[in-house]
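Here are the chains, one letter per residue:
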Amino acid sequence: MLRKKGFWIGLIIALILSAGGGYAYYRTVYLPGQKAGEPAIATSQVRRGDLVISVGGAAVLNPVDEVDLGFQAEGYLDQVLVAVGDLVQAGDVLARQETGELERAVAEADIDARLAQLDLDDAREGATDAELADARAAVASARSSLLVAQYTYSTTLNSSFDSAVRARQIEYQWYVDQSWEADERREDGAISQEDYQEAWNDRAAAEGRFNEVLEEAEMEELDTGNQVDQAQNTVYQAWEGLKELQSGPATDTIKRAELSLDQAVLRQEEARADLEAAELRAPIDGTVVEVAAIPGEDVGESPFITLADLEEPVVQFWVEESDMRGVAVGNRVEIVFEAWPDDTYTGEVVGVDPALVTVDGTLAVQAWASIDLAGRQASLLGGMNAEVEVISAEARDVLLVPVQALRELGESQYAVFVVQADGELVLRSVEVGLQDFANAEIISGLEEGETVSTGVEESTETTVPTQEEMPMPGMRMFGG
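Here the residue numbers are simple positions, counted from 1 along each chain's written sequence. Only residues with pLDDT of at least 70 are given local features in this predicted model, and only at 80 or more are side-chain atom pairs given and counted; all residues enter the totals for whole chains, interfaces and linings. Derived side-chain values reflect all non-hydrogen atoms in the structure, with water molecules and hydrogen atoms excluded from consideration.

## Notes on the packing of helix α3 (residues 100-125) against helix α7 (residues 251-277)
1) Next: Lines fitted to C-alpha atoms define the axes here, with helix axes fitted over just the stretch in contact, and angles between the N-to-C directions of these axes take values from 0 to 180 degrees. Strands are runs of DSSP state E lasting at least 2 residues, helices are runs of H or I lasting at least 4, and numbering of each runs from the N terminus. Two numbers describe how α3 lies on α7: the axes approach to 8 Å, and their chain directions differ by 160 degrees. With respect to each other, α3 and α7 are oriented roughly antiparallel. Both α3 and α7 take part in a crossing whose hand is left-handed.
2) Next: Tallied by class, residues from the contact of α3 with α7 come to 14 nonpolar, 4 polar and 9 charged. Put simply, angles under 35 degrees are roughly parallel, angles over 145 are roughly antiparallel, angles from 65 to 115 are roughly perpendicular, and the rest are oblique. Rotating anticlockwise by less than a right angle from the far helix to the near helix defines a left-handed crossing, while the corresponding clockwise rotation defines a right-handed one. Polar here means any residue outside two lists: the nonpolar Ala, Val, Leu, Ile, Met, Phe, Trp, Tyr, Cys and Pro, and the charged Asp, Glu, Lys and Arg; Gly therefore counts as polar.

Structure below.
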């Protein structure tokens, strides 16, 4: 409604101007009539300042690299050589296990390896004169043992056991005859039942004695026969051993010795590796951020020291979905940690995730920023919370006016009302740069210290004419 009213007023003023009396009308008729109920004009001085376009969010400091460290084998913790916050370099010893058993294992493995090497050397050198003499003596001894065993076996065949067997056999046969005679007399009724039973019992007892002595004789013969077999095997083995020594180093013997040495060396290396692993070393340069064990504790293979690379950490941050336009790779960021509220760190956005995430039930943009630690003395730890401000645009030491002073003439075309010394308003076109919700950067068209109109003070009851409603007669228009 106001815009239509302004149109008609402007048209009337234009007609008056066209008649040649516009200016006089404005000064003598319109302006005095307005002053009676004219509202107070709000103004602001053109000043110099900084204009920063930014969005804020929550952040957390993450190390570039973080590793959890523990021993490779079971054992008790002997020493912890670092504390939380210590700076370490790759290769530094962080902790040690108890090593008594490991050191003994290394010593035993060293001995086994040396013995295996000596065996291999012997196998490669061949038999010595002493070894050949021993082998020949072993053959002669085996032959003698064989002769003794053979003689013993032959005498066993004609031993006292044989005469005893014959005696028991004759005895057993006599009682067999007596039992048969008892059978005949029983048929004739010439023997009592008691005597008949006794005859058969005597026969059974004689049979038992005969079998017993026969078994003993057989066992003696079997035992001496086994001794002969064993003696023959001993002679064979002695001959083979002598022939092997006389033939020089055997390929199979050397290979077995080499294999034994390889196995001994492998056990030696494993023992030394276990001992070396009892020292926990830093794999990277970094900062100790956690120590979760004390000496004497059975730490096993579980991680108990956490090491983080905080030399070039990254800041993970989140801003609300509505502020996503302000987050882009390359934008400068300012970071303030809760632990160090008086220090402001700088960096820039290095990555923006392609999908929204949910943070505390709210959709947000997740992004990553670098942080400049040059010359900083404060200790920063992984996981520290911070607030981040992402600066999408900024202008430093520039001319500023309140956004309420701007009058939009067209797309990206603006003007302001400049208040003259006599209170007169002059519409002047200006070139506008950055804008936020409060201020606008003036690139050209104004000078520092000039006064511009920002509208009508809210305390007045009279409505001031809008830009379109302002009377054109007497109003001067200057280009920027």
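## Here's the deal with a negative patch on the surface
1) Next: Every patch collects residues that have over 30% relative accessible area and no salt bridge, joining them within 9 Å if they carry like charges and within 5 Å if they are nonpolar side chains (Val, Leu, Ile, Met, Phe, Trp, Tyr). Values of accessible area rely on a 1.4 Å probe in the Shrake-Rupley scheme; residue burial ignores everything except the protein chains shown. The term salt bridge refers to a pairing of a side-chain nitrogen on Lys or Arg with a carboxyl oxygen on Asp or Glu at a separation within 4 Å. Just so you know, the count uses Lys and Arg for positive and Asp and Glu for negative, and it drops His and the chain ends. To locate a charge, the coordinates of NZ of Lys, CZ of Arg, CG of Asp or CD of Glu are taken. Residues Asp119, Asp122, Glu125, Glu131 and Asp134 make up a contiguous surface patch of negative charge.
2) Next: Elements with a contribution of two residues or more to the negative patch: α3 and α4 (129-157).
3) Next: By residue number, the principal contributor to the negative patch is α3, which donates 3 residues.
4) Next: Secondary-structure assignment places Asp119 in helix α3.
5) Next: Taking relative accessible area as the criterion, Asp119 reaches 48% and is therefore assigned partly exposed. With a 1.4 Å probe rolled over the protein chains alone, any residue whose accessible area is under 20% of its type maximum counts as buried; one over 50% counts as exposed, and the rest are partly exposed.

## Quick notes on the pairing of strand β15 (residues 385-402)
1) Next: For strand β2 (residues 47-62) and β15, the ladder comprises 13 bridges, and the chain directions are antiparallel. Residue pairing in the sheet places Leu51 in a bridge with Ala395 of β15.
2) Next: In the sheet, strand β11 (residues 332-337) pairs with β15 via 6 bridges, with the strands oriented antiparallel. Counterpart to Arg332 in the pairing with β15 is Ile391.
3) Next: Note on pairing: DSSP must find at least two bridges between two strands before they are called paired. Inspection of the sheet shows β15 paired to strand β19 (residues 439-444) by 4 bridges, in the antiparallel sense. In the strand pairing of β19, Leu399 is matched with Ile442.

## A short note on the sheet that holds strand β6 (residues 93-97)
1) Next: Taken together, 3 strands build an open sheet; the order of strands is β4-β6-β7 and the sheet is antiparallel. This sheet does not close on itself; its edge strands, each paired only once, are β4 (77-80) and β7 (279-281). Looking at each pair of strands side by side, their axes are set apart by 20 degrees on average, direction ignored.

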